[in-house]
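Examining the three-dimensional arrangement
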Amino acid sequence: MKIRFRVLTSVIALSICLTGLAFAYQINFGALMEDTVFEENVSFGAMRRSTLSRRPIQIPKAYGRLITITTSNAGTTLWFESQEGLIRNVNLDGAVPLVIERKGELN
């Protein structure tokens, strides 16, 4: 009985930890982070070509229109205003180049 209880407790604890890690990995303050990389080829003439890597993120359209962007030592914050007048923020790492897609819905 004790062994069964310990195994069950361990399985539940592991499930909670893994779920928490998956959630934290995918959503960061309202933005869905993807673990893929978006490659951009940039050219400034024949001899000046470069490939830039950007991390794609998704921000729900329902957050509304972007009203301002603020920066600090901790990162960059995008501020959105919805049609209902709600103000939402999305915190980003300012050092990471991004591609922002506006898709997804609020539930």
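Since the model is a prediction, treat every value here as computed from it, not as a measurement. (Residues numbered from 1 in each chain as written. Predicted model: local features only at pLDDT ≥ 70, side-chain atom pairs only at ≥ 80, totals over all residues. Heavy atoms only, no water.)

Topic: the overall build of the protein
Selection rule: Strands here mean DSSP runs of E at least two residues long; helices mean DSSP runs of H or I at least four residues long; both are numbered from the N terminus. Buried means the residue's accessible area, taken with a 1.4 Å probe over protein chains only, is under 20% of the maximum for its type, while exposed means over 50%, and partly exposed covers the values in between. Any two residues whose heavy atoms approach within 4.5 Å are treated as being in contact. Residue exposure ignores everything except the shown protein chains as possible cover, and the areas themselves are Shrake-Rupley values with a 1.4 Å probe.
Assigned secondary structure in the protein consists of one helix and eight strands. Within the protein, the fraction of its 107 residues that count as buried is 16%. A separation threshold of at least 6 residues defines the contact pool for the protein, and within that pool the share at least 24 residues apart is 40%. Summing over all exposed atoms, the protein offers an accessible surface of approximately 8500 Å²; the carbon and sulfur share of this is 60%.

Description of the pattern of salt bridges
A side chain with one charge can pair with a side chain of the opposite charge if their charged atoms come near. Going by this rule: We count a salt bridge whenever a side-chain nitrogen from Lys or Arg sits within 4 Å of a carboxyl oxygen from Asp or Glu.
Inspection of every chain in the model, using the stated rule, returns three salt bridges. Taking the shortest distance from any N to any O, the salt bridge between K103 and E101 comes out at 3.8 Å.

A closer look at the side chain of S82
Note that S82 resides in the loop between β6 (75-81) and β7 (87-92). Beyond its immediate stretch of four places on either side in the chain, S82 contacts A62, Y63, G64 and R88.

Thoughts on the environment of E39
What counts is decided by this rule: Think of a polar contact as two N or O atoms within 3.5 Å of one another; within protein, one of them needs to be a possible hydrogen donor and the other a possible acceptor, and neighboring residues in sequence only count if both atoms come from side chains.
Considering the arrangement of structural elements, one finds E39 in strand β3 (residues 38-43). In this structure E39 comes out as partly exposed when scored by relative accessible area, which is 45%. Expressed as a C-alpha distance, the spacing of E39 and S53, which sit 14 residues apart in the sequence, is 4.7 Å. With near-sequence residues (within four places) excluded, E39 lies in contact with T51, L52 and S53. At 3.0 Å, the side chain of E39 forms a polar contact with the side chain of S53.

Observations regarding the nonpolar core
Our working rule: In this description, a nonpolar core means a group of buried Ala, Val, Leu, Ile, Met, Phe, Trp, Tyr and Cys residues linked to one another through side-chain atoms lying within 4.5 Å.
Among the nonpolar cores identified, the biggest contains nine residues, and these are A31, M33, I57, I59, Y63, L78, F80, V90 and L92. The set of elements that each furnish at least two residues to this core consists of β2 (31-33), β6 and β7. Apart from the residues lying within four places of it in its own chain, the contact partners of L92 are M33, I57, G75, T76, L78 and L98.

Overview of the pairing of β3
The test is simple: Think of it this way: DSSP has to see at least two bridges between two strands before they count as a pair.
Note that β3 and strand β4 (residues 49-58) share six bridges and pair antiparallel. Each residue of the ladder has a partner; that of E39, found in β4, is S53. Here β3 folds back onto β4, and the loop between the two strands holds five residues, one of which, G45, carries a positive phi near 100 degrees.

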